[in-house]
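# Observations on the model geometry
Below are the chains, spelled out letter by letter.
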Amino acid sequence: MPMVECENLSKMYLQGDTRVKALDGVSLGVETGEFMALVGPSGSGKTTLLNLIGGLDEASSGEVRVDGDEITRMSQSELSEMRLRKIGFVFQAYNLIPVLSALENVEFVLMLQGVEKAVRLRIAKEMLERVGLKEQMNRRPGEMSGGQQQRVAVARAIAPKPAVVLADEPTANLDSQTGEHLMDIMADLNKKLGITFVFSTHDAMVMERALRVVRLRDGHIEEDSSRSS
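Note that the coordinates shown come from a computational prediction; the quantities given were computed from them, not determined experimentally.

## Let's talk about the packing of helix α3 (residues 102-112) against helix α4 (residues 117-130)
The contact between α3 and α4 brings their axes to 9 Å, and the two run at 125°. Considering the angle they form, α3 stands oblique to α4. Viewed along their axes, α3 and α4 form a crossing whose handedness is right-handed. When α3 is examined against α4, the residues A102, L103, V106, E107, L110 and M111 are found in contact with a partner set consisting of K117, R120, L121, I123, A124, K125, M127 and L128. Along the lines of polarity and charge, the residues of the contact of α3 with α4 split into 10 nonpolar, no polar and 4 charged.

This is how it looks when you write it as C-alpha cells:
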C-alpha cells in the first residue's frame, strides 16, 4: 500500500464569478521512503495538491489516503489529529514560534502528542543534532539565520516520526548555498531514516536532487519520472 494515495482528485476555486479548476482528476501514489518533487509553473496545481495531501485544504471530489487512512471524509478535529500524528510540515516561511528556543520549537509537537518531558527533550536534541544545530539549540528564531530556522523546521517536522514530510517551497527564501545544504540534510534523512519527503518547488536544484519528479500543468499530471539514488 502506498504511503500516500490520491485518486481522481479535483479542486475548484471561485475567482469572482468564475470557477477555476486548480486540480482536475489527479491520481498519484507516493511510496514509503520516496524523495519526490511536485513541480510546474505558478497555477499548475502543485501547492494545491500538497495542501490536499496534508489535509490543509478540502478536495472538491476524489479521495486522499495517508498511511491507509482516508482523510477526505474526516472532520476538522480528526484532520487535526491526523496531521499531528502522521504529517510533518516544512513551510516556506519557517512558521516557528518566535518566543520559543530552537529546542522548544522542536519539542512543541511532541508535547501536543503527550510525549513525556524527558523523552521529548531527548528526541528534540537528537533531531537538532541531525540537522547540524547542536550549538544553536537554545537560540530563538530571531537570533538565527534563515537557513538555521529552516533546519529547525525540518527537525520539528521529523521529530514525531511522521508517515510523510510535506515541504512547500523549502528553499525559496534561502540563498543557493544554504538551499543546497538544506537539501543535503533532507536527502541524508531520507536515506538513513527512510523518511518520505514530498516537495513543491520551482527550484531547479531541488528538482535535480529529487529521485522522482512529478510535473503538473493546468491541474493535470504532465510527466512522472524517477531515477535511482
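## A word on the pattern of salt bridges
Inspection of the entire model under this criterion finds 19 salt bridges. In this structure, K86 and D69 form a salt bridge, with 2.6 Å as the shortest nitrogen-oxygen distance. One end of the pair, K86, is in helix α2 (residues 76-86); the other, D69, is in strand β5 (residues 69-70), and 17 residues separate them in sequence. Residue class for D69 comes out partly exposed when judged on its relative accessible area of 32%. A salt bridge links R209 to D184; its shortest N-O distance comes to 2.2 Å. Separated by 25 residues along the polypeptide, R209 in helix α7 (residues 204-209) and D184 in helix α6 (residues 176-193) bring together distant segments of the chain. On the basis of relative accessible area, R209 is assigned to the partly exposed category, the value being 26%. Judged by relative accessible area, D184 falls into the partly exposed class, the value being 41%.

## Details of α4
If you check α4, its first and last C-alpha atoms are 20 Å apart, about what 14 residues at 1.5 Å a residue would give, namely 20 Å. Where α4 is concerned, the buried positions are R120, I123, A124, M127 and L128. Looking straight down α4, one finds its buried side chains confined to an arc of 130°; they lie on one side. α4 presents A118 and R122 as exposed residues on the side facing more than 90 degrees away from its buried surface.

## Focus: unusual backbone geometry
In this structure, N8 takes a positive phi of about 50° despite not being glycine. Relative to the helices and strands, N8 resides in strand β1 (residues 4-15). Using a relative accessible area of 47% as the deciding quantity, one classes N8 as partly exposed.

Procedures and definitions
- Residues numbered from 1 in each chain as written.
- Predicted model: local features only at pLDDT ≥ 70, side-chain atom pairs only at ≥ 80, totals over all residues.
- Heavy atoms only, no water.
- Axes fitted to C-alpha atoms, helices over the stretch in contact; angles between N-to-C directions.
- Helix = DSSP H or I, 4+ residues; strand = E, 2+ residues; numbered from the N terminus.
- Parallel < 35°, antiparallel > 145°, perpendicular 65-115°, else oblique.
- Left-handed = near helix turned anticlockwise from the far one by under 90°.
- Contact = heavy atoms within 4.5 Å.
- Nonpolar A, V, L, I, M, F, W, Y, C, P; charged D, E, K, R; others polar.
- Salt bridge = Lys/Arg side-chain N within 4 Å of Asp/Glu carboxyl O.
- Buried < 20%, exposed > 50% of the residue type's maximum accessible area, 1.4 Å probe, protein only.
- Expected span 1.5 Å × (residues − 1).
- Arc of directions from axis to C-beta.

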